[in-house]
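Each chain is listed here by its residues.
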Amino acid sequence: MTQRPDQFDLDAKIRVDKIPSAGRVVTIKTDAEQRAVLAERLKVSEVTDFSAQVTATRFRGGIQAKGNVSGTIVQPCVVTGDPVSQTINEAIDRVFLPGHDAASEATAGAEIFVNLEDDDLPDYFEGDEIDLADLVIEVFALAIDLYPRKPGVELTEELKGDDPAELSPFAALKSLKKD
């Protein structure tokens, strides 16, 4: 049975009320079919390896998820089109709190204080279950190099295109300036 990307399931759901005081470890390992679906979802040529281990502990009525996601992807080089492999190994540290984001209920003219020096804002969840698969895939996806390039490969002069500085509106204004 082939999974579609919109029905992708890594089975990483945990019930918040069932987490022991020492925490619950969630281990994600994928098979070839799941990695093929993941590659389609992430828009890469291939996911050759993907796994994660996350420990969920109770935190202020919600949970704190800490762990690691790792894997290897293959995608085409932006210069040559040849396959480029990228190994990803990213730490996970996220807080999930019950309820919903206060910013979504802000009324017109209401002030919301955001401390940019503080840690990341928590995520919010409804119900009694959290799917850590979404978190793991998000952290993995954000680590993917958007412009992969084979080592040592450079763009040739004819492939570089126009200089963006010459195309800017300020460059056009500069040409109108009289000396």
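Residues numbered from 1 in each chain as written. Predicted model: local features only at pLDDT ≥ 70, side-chain atom pairs only at ≥ 80, totals over all residues. Heavy atoms only, no water.

Asks: Mind laying out the nonpolar core, listing which residues take part and the relevant values?
Replies: Membership of the largest hydrophobic core comes to 34 residues, with the highest contact counts inside it found for Phe 50, Ile 63 and Leu 132. Elements with a contribution of two residues or more to this core: β2 (24–29), α1 (32–42), β3 (46–59), β4 (62–76), β5 (83–98) and α2 (132–142). Apart from the residues lying within four places of it in its own chain, the contact partners of Leu 132 are Ala 12, Ile 14, Val 26, Val 54, Ile 63, Ala 65 and Phe 96. (Core = buried A, V, L, I, M, F, W, Y, C linked by side-chain atoms within 4.5 Å. Buried < 20%, exposed > 50% of the residue type's maximum accessible area, 1.4 Å probe, protein only. Helix = DSSP H or I, 4+ residues; strand = E, 2+ residues; numbered from the N terminus. Contact = heavy atoms within 4.5 Å.)

Asks: Break down the sheet that holds strand β6 (residues 123–125) for me, citing the residues and quoting the values.
Replies: Pairing within the open sheet is mixed, and its 5 strands lie in the order β2-β3-β4-β5-β6. Each edge of the open sheet is held by one strand with a lone partner, namely β2 and β6. Pairwise comparison of adjacent strand axes, ignoring direction, gives a mean angle of 25° for this sheet. The pairing of β3 with β4 spans 13 bridges and is antiparallel. Each bridged residue has a counterpart across the sheet, and for Gln 53 the counterpart in β4 is Asn 68. Packing against the sheet, α1 makes contact with β2 and β3, and its axis sits at approximately 90° to β3. (Pairing = 2+ DSSP bridges. Axes fitted to C-alpha atoms, helices over the stretch in contact; angles between N-to-C directions.)

Asks: Can you break down a nonpolar patch on the surface residue by residue, with the values?
Replies: Together, Val 78, Leu 146 and Tyr 147 make up an exposed nonpolar region whose accessible area comes to about 370 Å². Its location among the elements puts Val 78 in the loop between β4 and β5. (Patch = residues over 30% accessible without salt bridge, like charges linked within 9 Å, V, L, I, M, F, W, Y side chains within 5 Å. Areas by Shrake-Rupley, 256 points an atom, 1.4 Å probe, with all protein chains shown as cover. Salt bridge = Lys/Arg side-chain N within 4 Å of Asp/Glu carboxyl O.)

Asks: Summarise the side chain of Arg 35; cite the residues concerned and give the values.
Replies: For Arg 35, the position within the fold is in helix α1. Buried and unpaired, Arg 35 has Asp 49 as its nearest opposite-charge partner, separated by 5.6 Å. One polar contact links the side chain of Arg 35 to the main-chain carbonyl oxygen of Thr 48, over a distance of 3.5 Å. Leave out the neighbours within four places in its chain, and Arg 35 touches Thr 30, Val 47, Thr 48, Asp 49 and Phe 50. (Lys, Arg positive; Asp, Glu negative; His and termini not counted. Polar contact = N/O pair within 3.5 Å; in protein donor to acceptor, adjacent residues only side chain to side chain.)

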